[in-house]
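Results of the structural survey
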Amino acid sequence: MDTIILVIFTIILIFIGYFSYSIVNKSIEKDSKQKQFINETLEKYGKLRDEGQFTKYEYKGQSYYLMILKVKDGVKFKFNSKTIWEKRFGSKTQFTDQTVFSKLPGKKLVIIYPSTGPYMYQYDENEIRFTKPSEKVWDMTIIGAHELDEVLKEGLK
């Protein structure tokens with residue numbers, strides 16, 4: 001009797017392990033495809049170049065430092081300042097210090113995926129606004145990956 005229970009328990013553990021592996025693998029594959037789509041879209045209109053810690057994007061004679069940022073659907077994303085960015089999901093809040101990126105000289109391009117937004121930023125101490133690809137936020141252009149092709153086709157402002 002103990003052997004049968006052990007065999008059933010082992011089969012259940014194997015099934016759970018395989019199911020978990022399958023879910024994680026699909027998630028990684030989906031993320032990889034999204035990044036590939038972003039890179040292919042960027043390459044369609046310009047040129048990507050690795051420069052150490054950051055990637056540069058050459059587009060219509062302009063050079064941009066590039067950040068591709070993953071923000072899950074359902075997460076509220078806000079640029080509190082040029083250096084502090086916030087992800088809020090439910091009652092949890094996560095702050096990210098982007099000082100290194102924000103201090104890079106020149107223009108910056110931030111592409112957010114898979115979230116379709118809206119993305120907010122602290123305009124001044126009393127006002128919060130929504131980002132638009134046609135408007136710069138500090139020295140950054142913020143674009144949702146879902147609108148990247150259209151924005152690059154029309155041209156960055």
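Residues numbered from 1 in each chain as written. Predicted model: local features only at pLDDT ≥ 70, side-chain atom pairs only at ≥ 80, totals over all residues. Heavy atoms only, no water.

**Observations regarding the sheet that holds strand β7 (residues 107-114)**
Spatial strand order, β1-β2-β3-β7-β10: 5 strands in an open sheet with mixed pairing. Either end of the sheet is taken by a strand with one partner, and the two such strands are β1 (47-51) and β10 (140-144). For this sheet, the mean angle separating the axes of adjacent strands, direction not counted, is 30 degrees. Looking at chain direction, β1 and strand β2 (residues 54-59) are connected through 5 bridges and run antiparallel. Bridging from a neighbouring strand, Leu-48 pairs with Tyr-57 of β2. Where helix α1 (residues 2-45) meets the sheet, its contacts fall on β1, β2, β3 (62-71) and β7, and the angle it forms with β7 comes to roughly 140 degrees. (Pairing = 2+ DSSP bridges. Helix = DSSP H or I, 4+ residues; strand = E, 2+ residues; numbered from the N terminus. Axes fitted to C-alpha atoms, helices over the stretch in contact; angles between N-to-C directions. Contact = heavy atoms within 4.5 Å.)

**Some details on the confidence of the model for the chain**
Across the chain, the average pLDDT comes to 89, with 99% of residues at or above 70. For the chain, α1 is the element with the lowest average pLDDT, namely 87, and β7 is the one with the highest, namely 94. (pLDDT = per-residue confidence, 0-100.)

**Section: the side chain of Gln-98**
Its location among the elements puts Gln-98 in the loop between β6 (92-97) and α2 (99-102). The buried category is assigned to Gln-98, whose relative accessible area is 13%. Residues contacting Gln-98, with those up to four places away along its chain left out, are Met-67, Thr-83 and Trp-85. (Buried < 20%, exposed > 50% of the residue type's maximum accessible area, 1.4 Å probe, protein only.)

**Let's talk about the sheet that holds strand β9 (residues 127-130)**
In a beta sheet, neighbouring strands are held together by backbone hydrogen bonds and run either parallel or antiparallel to one another. What the 5 strands build is an open sheet, ordered β6-β5-β4-β8-β9; its pairing is mixed. Here the strands that pair on one side only, and so sit at the sheet edges, are β6 and β9. In this sheet, neighbouring strand axes are inclined to one another by 25 degrees on average, regardless of whether the strands run parallel or antiparallel. Pairing of strand β4 (residues 76-79) with strand β5 (residues 84-89) involves 4 bridges; the strand directions are antiparallel. In the sheet register, Phe-79 faces β5, and the bridge partner there is Trp-85.

**A closer look at the packing of aromatic side chains**
Taken as a whole and assessed by the stated rule, the structure comprises 9 aromatic pairs. Summarising the aromatic geometry, the rings of Phe-15 and Phe-19 are spaced 6.3 Å apart at their centres and angled 15 degrees between planes, so their arrangement reads as stacked. Here the residue Phe-15 and the residue Phe-19 both occupy positions in helix α1, the gap between them amounting to 4 residues, near one helical turn. Taking 6.1 Å as the distance between ring centres and 75 degrees as the angle between the ring planes, the aromatic pair formed by Tyr-121 and Trp-138 counts as edge-to-face. Placement of Tyr-121 in strand β8 (residues 119-124) and of Trp-138 in the loop between β9 and β10 is noted, with a sequence separation of 17 residues between them. Under the relative-accessibility criterion, Tyr-121 is labelled buried at 6%. Its relative accessible area of 37% is what places Trp-138 among the partly exposed residues. Here the aromatic cluster, defined as three or more aromatic residues joined through ring pairs, consists of Phe-54, Phe-77, Phe-79, Trp-85 and Phe-101. (Phe/Tyr/Trp six-rings, centres within 6.5 Å; stacked < 30°, edge-to-face > 60°.)

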